[in-house]
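For reference, the chains in residue letters:
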Amino acid sequence: WLKVQSTWLYLEPIFSSEDIVKQMPEEGEKFAQVDAEWRDIMNATKEAPDVIAIGNDKERLNRLVDCNELLDEIQKGLAAYLEKKRLFFPRFFFLSNDEMLEILSETKDPTKVQPHLKKCFEGIAKLKFSDGEDGHEEHDILAMISEEKEEVPLKEIISVQQANGAVEKWLLQVEAAMFDNI
């Protein structure tokens, strides 16, 4: 019971992100199955909160065991997914799984990467994004900004939209631009 509960609590905010579910449809489907089962078990427990009866309920135990197995599969899939992203963009190894998931679950808003840039790039504290009103596409990357507020304009603007939500793709472009500009 407690293992299902704690794992569900950890995974629920992750799989409530549409971006993550799009990128991991199989795990998203499995989580939806566990989520429905867990909520059903909790509603049944709320309706009849008799601890002795709940503890002796073999069907409920079997449902929890099945949920645990699915949650283990989901966690293995999630770990493999994060490993694949780290191999594509090795600087992700500097981030925890939770930090990576925060970045990957917010692919529609590239500015959400800002708090994690210092861990990926030693000299970059922030990126300057276009607001869409300066003749560039919204969220185009225009410059790198250091901790000391020194701004280095990019020779070539990086289009986040061309990466189609793949954060690791445009971060690779930032890495290349860092070498080209300095």
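This text follows the structure it describes.
From a predicted model like this one, the values you see are computed outputs, not experimental measurements.

### Brief notes about helix α1 (residues 2–15)
The terminal C-alpha atoms of α1, which comprises 14 residues, lie 20 Å apart, in line with the 20 Å expected from a rise of 1.5 Å per residue. When the local axis directions of α1 are compared, the greatest deviation, roughly 30°, occurs at Leu 9, which is followed within four positions by the proline Pro 13. All of the buried residues along α1 are Val 4, Thr 7, Trp 8, Leu 11, Ile 14 and Phe 15. In this fold, the buried residues of α1 make contact with α2 (18–23), α3 (25–47), α5 (58–88) and α6 (97–104).

### Overview of the sheet that holds strand β2 (residues 141–145)
Ordered in space as β1-β2-β3, the 3 strands form an open sheet in which the pairing is antiparallel. Every interior strand has two partners, whereas the edge strands, β1 (126–129) and β3 (151–158), have only one. Averaged over all adjacent pairs, the angle separating strand axes in this sheet is 30°, with direction ignored. Pairing geometry for β1 and β2, over 4 bridges, is antiparallel. Each bridged residue has a counterpart across the sheet, and for Lys 126 the counterpart in β2 is Ile 145.

### Considering the side chain of Glu 99
Of note, Glu 99 is situated in helix α6. When sequence neighbours within four positions are dropped, the list of residues in contact with Glu 99 reads Phe 94, His 116 and Lys 119.

### Things to note about the nonpolar core
Core analysis: the biggest nonpolar cluster contains 46 residues, and Phe 121, Leu 127, Ile 141, Trp 170 and Leu 171 have the highest contact counts within it. Considering every element that reaches this core, the biggest residue donor is α5, with 8 residues.

### Quick look at unusual backbone geometry
Residues other than glycine seldom take positive phi values, yet His 139 does so here, at roughly 75°. Within the element layout of this structure, His 139 appears in the loop between β1 and β2. In this model, Lys 149 sits at a positive phi of 70°, which is unusual for a non-glycine residue. Structurally, Lys 149 can be placed in the loop between β2 and β3. For Lys 149, a relative accessible area of 65% corresponds to the exposed category.

### Looking at the pattern of salt bridges
Side chains bearing opposite charge may pair, as long as their charged atoms lie close to each other. Enumeration over the complete set of coordinates arrives at 13 salt bridges. Residue Arg 39 pairs with Asp 35 through a salt bridge whose shortest N-O separation is 3.0 Å. Here Arg 39 and its partner Asp 35 are both found in helix α3, 4 residues apart, which amounts to about one turn of the helix. Taken together, the salt bridges that share partners define one network made up of Glu 12, Asp 35 and Arg 39.

### A short note on the environment of Ser 96
Looking at where Ser 96 falls in the secondary structure, it is placed in the loop between α5 and α6. Ser 96 sits in the partly exposed class, given a relative accessible area of 34%. Distance in space between the C-alpha atoms of Ser 96 and Leu 171 is 17 Å, their sequence separation being 75 residues.

### Focus on the packing of α5 against α6
Relative orientation of the contacting elements α5 and α6 amounts to 80°, with a least axis distance of 11 Å. Comparing their axes, α6 and α5 come out roughly perpendicular. The segment α5 lies against α6, with Leu 78, Tyr 81, Leu 82, Lys 85 and Arg 86 engaging Asn 97, Met 100, Leu 101 and Leu 104. Here the contact of α5 with α6 is composed, by residue class, of 6 nonpolar, 1 polar and 2 charged.

### Digging into the side chain of Thr 45
When you line up the elements, Thr 45 lands in helix α3. The buried category is assigned to Thr 45, whose relative accessible area is 13%. Setting aside residues up to four positions removed in sequence, Thr 45 forms contacts with Trp 1, Ile 54 and Arg 60.

Conventions we followed
Residues numbered from 1 in each chain as written. Predicted model: local features only at pLDDT ≥ 70, side-chain atom pairs only at ≥ 80, totals over all residues. Heavy atoms only, no water. Helix = DSSP H or I, 4+ residues; strand = E, 2+ residues; numbered from the N terminus. Expected span 1.5 Å × (residues − 1). Bend = angle between axes of the 7 residues up to and from the residue. Buried < 20%, exposed > 50% of the residue type's maximum accessible area, 1.4 Å probe, protein only. Contact = heavy atoms within 4.5 Å. Pairing = 2+ DSSP bridges. Axes fitted to C-alpha atoms, helices over the stretch in contact; angles between N-to-C directions. Core = buried A, V, L, I, M, F, W, Y, C linked by side-chain atoms within 4.5 Å. Salt bridge = Lys/Arg side-chain N within 4 Å of Asp/Glu carboxyl O. Parallel < 35°, antiparallel > 145°, perpendicular 65-115°, else oblique. Nonpolar A, V, L, I, M, F, W, Y, C, P; charged D, E, K, R; others polar.

So far we have only geometry, and geometry alone does not tell us how the molecule works.
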